[in-house]
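Commentary on secondary and tertiary structure
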Amino acid sequence: MTAPEPEEFLSGETGHVAGIRRTLSRRFGDALLDLRARSAAASLDRIAAAIPRRSVLALSVYRPDSSQVESAAGELQRTRHELHLRLGSTGAALPALADSTAATNLGGGKFQNLNTLLEGEQSFDWLLVFDDDVELPPRFLDRFLGVAERLDLALAQPAQTLMSHAAWRVTRRRAGSLARETRFVEIGPVTAFRRDAALELTPFPDLRYGWGLDLHWAALAQGRGWRLGIVDALPVKHERSPVATAYGHEEAIEEARNFLSGRPFVPAAQAQETLVTHRKVQP
Ligand SMILES: [Mn+2]
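Here the structure is a predicted model, which means the values were calculated and not measured. (Residues numbered from 1 in each chain as written. Predicted model: local features only at pLDDT ≥ 70, side-chain atom pairs only at ≥ 80, totals over all residues. Heavy atoms only, no water.)

What about the overall build of the protein?
Counted only if it meets this: Strands are runs of DSSP state E lasting at least two residues, helices are runs of H or I lasting at least four, and both sets are numbered from the N terminus onward. The reference for a compact globule is 2.2 Å times residues^0.38; the radius of gyration itself is calculated from the C-alpha atoms. We call a residue buried when its accessible area falls under 20% of the maximum for its residue type, exposed when it is over 50%, and partly exposed in between, using a 1.4 Å probe and counting protein chains only. Per-residue accessibility takes into account occlusion by the displayed protein chains alone, with areas from the Shrake-Rupley method and a 1.4 Å probe. The sign given to each residue is positive for Lys and Arg and negative for Asp and Glu; His and the chain ends receive no count. For charged residues, the charge sits on one atom: NZ in Lys, CZ in Arg, CG in Asp, CD in Glu.
Summing up its helical and strand segments, the protein has 11 helices and nine strands in all. In terms of overall size, the protein behaves like a compact globule, its C-alpha atoms giving a radius of gyration of 18 Å where 283 residues would be expected to give roughly 19 Å. Principal axes of the C-alpha set define a box for the protein whose edges measure 50 × 40 × 40 Å. Of all 283 residues assigned to the protein, the portion counted as buried reaches 54%. When the accessible surface of the protein is totalled, it reaches about 12,700 Å², and 50% of it is carbon and sulfur. Considering the protein, the positive charge centre built from 34 side chains and the negative charge centre built from 35 side chains are found 8 Å apart.

This is the structure in structure tokens:
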């Protein structure tokens with residue numbers, strides 16, 4: 001089996017937002033979309049209220065100098081669902097999160113560390129994985145699960161703001177869309193797995209960077225008839241550290257090539273496609 005070429009599994013973009021013009025127009029675009037989104041708030045709350053109370057396992061591995069993980073965890077805790085927050089730190093536990101921090105001094109890659117947190121955890125309706133550098137919008141978890149269940153999504157992610165460093169165009173928020181059905185849901189910064197999908201996709205493969213893992217998930221989803229989607233109405237801010245400089249590209253690409261050779265995956269160009277746009281969703 002020959003290893004795939006990088007253009008088959010890379011988005012071809014760094015997603016880094018830079019330059020004064022680009023930054024200003026994206027900031028303006030986010031403000032405009034935020035204004036429009038206000039009128040959707042009541043409908044999102046009705047969708048949120050329409051599903052039964054669920055059990056949610058939320059995992060994150062944080063760096064102890066993260067300035068955002070506490071507020072993200074706090075936002076998740078404002079939920080009507082039964083939330084089990086299970087965190088890991090790459091160093092010491094943050095005092096405010098000590099009760100939820102199940103592992104410290106984690107030294108593996110993202111998915112290796114998540115596997116550590118997942119050990120023995122099987123009783124949940126939804127598994128949610130979030131990065132330590134995201135800002136979640138208000139009433140995030142209730143609204144997000146409401147939309148995901150209403151659209152029967154097996155894998156779901158919130159869109160990212162225009163100002164976010166999103167490597168995949170398909171994951172950026174779109175005007176006039178509440179949510180979109182896609183072929184692809186990214187490995188981060190926030191990813192949700194319905195129970196049946198989580199039980200098939202975990203434990204995660206032993207990967208340090210995990211590039212290409214989402215393209216493999218996309219192929220498995222096609223085979224199983226799972227619906228995937230991106231929720232535009234609940235964009236998260238992933239605006240801090242550009243993905244491009246967070247770790248070495250070469251190693252990540254090499255890991256992806258090895259991982260994807262001999263495994264089915266959806267090619268990058270198809271991963272960018274939107275299948276259905278839901279402008280409104282009735283509860
Ligand atoms: Mn991040």
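Section: the coordination of the manganese ion
Six octahedral donors around a metal ideally sit at 90 or 180 degrees from one another, while four tetrahedral donors ideally sit at 109.5 degrees. Quick note on the threshold: The donor set comprises N, O and S atoms within 2.8 Å of the metal, extended to 3.2 Å for Na, K and Ca; water molecules are omitted, so apparent gaps in a site may simply reflect that omission.
Of the protein atoms, only Asp131 (OD), Asp133 (OD), Asp133 (OD) and His238 (NE2) coordinate the manganese ion, at distances of 2.2 to 2.7 Å. Looking at histidine 238, the relative accessible area reads 6%, which means it is buried.

Quick word on the packing of helix 3 (residues 41–49) against helix 6 (residues 140–150)
What counts is decided by this rule: To obtain each axis, a line is fitted to C-alpha atoms, and for helices this fit is confined to the stretch in contact; angles are then taken between N-to-C directions over 0 to 180 degrees. With respect to orientation, any angle under 35 degrees is reported as roughly parallel, any angle over 145 as roughly antiparallel, any angle of 65 to 115 as roughly perpendicular, and every other angle as oblique. The crossing is said to be left-handed when, going from far helix to near helix, the turn is anticlockwise and less than a right angle, and right-handed when the turn is clockwise. Throughout, a contact is declared for two residues whenever any of their heavy atoms are within 4.5 Å. Polar here means any residue outside two lists: the nonpolar Ala, Val, Leu, Ile, Met, Phe, Trp, Tyr, Cys and Pro, and the charged Asp, Glu, Lys and Arg; Gly therefore counts as polar.
Here helix 3 crosses helix 6 at 70°, and the two axes come no closer than 7 Å. The orientation of helix 3 with respect to helix 6, classified from their angle, is roughly perpendicular. For the pair helix 3 and helix 6, the sense of crossing is left-handed. Taking contact as the criterion, the partners of Ala41, Leu44, Asp45, Ile47 and Ala48 in helix 3 are, on helix 6, Asp142, Arg143, Gly146, Val147 and Arg150. Residue composition of the contact of helix 3 with helix 6, by class: five nonpolar, one polar and four charged.

A look at the packing of aromatic side chains
Working definition: an aromatic ring pair is given by the centre-to-centre distance plus the angle between the planes. For the record, the criterion: Between the rings of Phe, Tyr and Trp (Trp by its six-membered ring), a pair exists once the centres lie within 6.5 Å; its type follows the angle of the planes, with under 30 degrees stacked, over 60 edge-to-face, and the other angles tilted. Note on criteria: charge over ring means Lys NZ or Arg CZ within 6 Å of the ring centre, with the direction from the centre no more than 35 degrees off the ring normal.
Going through the model one piece at a time under the given rule, you end up with seven aromatic pairs. Ring centres of phenylalanine 193 and tryptophan 217 lie 5.2 Å apart, and the angle between their planes is 85°; on these two criteria the pair is classed as edge-to-face. Of this pair, phenylalanine 193 sits in strand 7 (residues 190–194) while tryptophan 217 sits in helix 8 (residues 213–224), and the two are 24 residues apart along the sequence. A single burial state applies to phenylalanine 193 and to tryptophan 217, both of which are buried. Members of the aromatic cluster, connected to one another through ring pairs, are Phe111, Phe193, Phe204 and Trp217. Here the basic side chain of arginine 195 rests over the ring of phenylalanine 124, its NZ or CZ set 5.9 Å away from the ring centre. Cation over ring: arginine 224 sits above tryptophan 226, and NZ or CZ is 5.8 Å from the ring centre.

Digging into the nonpolar core
As a reminder of what qualifies: We define the nonpolar core as a collection of buried residues of types Ala, Val, Leu, Ile, Met, Phe, Trp, Tyr and Cys that are connected through side-chain atoms lying within 4.5 Å of one another.
The biggest cluster of nonpolar side chains holds 45 residues, and the ones touching the most others in it are Leu127, Leu155, Trp168, Phe193, Phe204 and Trp217. The biggest single contributor to this core is helix 8, with five residues. Not counting residues up to four positions away in its chain, the partners in contact with tryptophan 168 are Phe9, Leu10, Ser11, Phe184, Glu186, Leu215, Ala268, Ala271 and Gln272. Grouped together as the second largest cluster of nonpolar side chains are 37 residues, Ile51, Leu136, Leu145 and Ala156 included.

Overview of the environment of lysine 110
Convention followed: Polar contacts here mean pairs of N or O atoms no more than 3.5 Å apart (in protein, one a potential hydrogen donor and the other a potential acceptor; neighbouring residues in sequence count only if both atoms are side-chain atoms).
For lysine 110, the position within the fold is in helix 5 (residues 110–118). Here lysine 110 falls in the partly exposed class, since its relative accessible area comes to 24%. Between the C-alpha atom of lysine 110 and that of glutamate 5, which follows or precedes it by 105 residues, the distance is 24 Å. Dropping the residues within four chain positions of it, lysine 110 is found in contact with Val129, Asp131, Ile187, Gly188, Leu207 and Arg208. From its side chain, lysine 110 meets the backbone oxygen of isoleucine 187 in a polar contact 3.0 Å long.

Looking at helix 8
Definition in use: The span expected for a helix works out to 1.5 Å for each residue beyond the first.
The first and last C-alpha atoms of helix 8 sit 17 Å apart over 12 residues, in line with the 16 Å expected at 1.5 Å per residue. The element helix 8 is largely enclosed, with a buried count of nine among its 12 residues. All buried positions along helix 8 are accounted for by Leu213, Asp214, Leu215, His216, Trp217, Ala218, Ala219, Leu220 and Ala221. Two residues or fewer past helix 8, glycine 225 is found with a positive phi of approximately 75°.

A closer look at helix 4 (residues 69–77)
Where helix 4 is concerned, the buried positions are Val69, Ala72, Ala73, Gly74, Glu75 and Leu76. Packed against the buried residues of helix 4 are strand 1 (55–62), strand 2 (82–89), strand 4 (126–130) and helix 6.

Some thoughts on the pairing of strand 7
Applicable threshold: A pair of strands is considered paired only if DSSP assigns at least 2 bridges between the two.
Of all five residues that make up strand 7, four are buried, and the element is covered over most of its length. Sheet topology places strand 4 next to strand 7; five bridges connect them, and they run antiparallel. Counted as the bridge partner of phenylalanine 130 is valine 190 from strand 7. Pairing of strand 5 (residues 153–160) with strand 7, which is carried by two bridges, proceeds in the antiparallel orientation. Considered in strand 7, the bridge of alanine 156 is made with alanine 192.

Without other data, these values stay purely geometric and don't point to any function.
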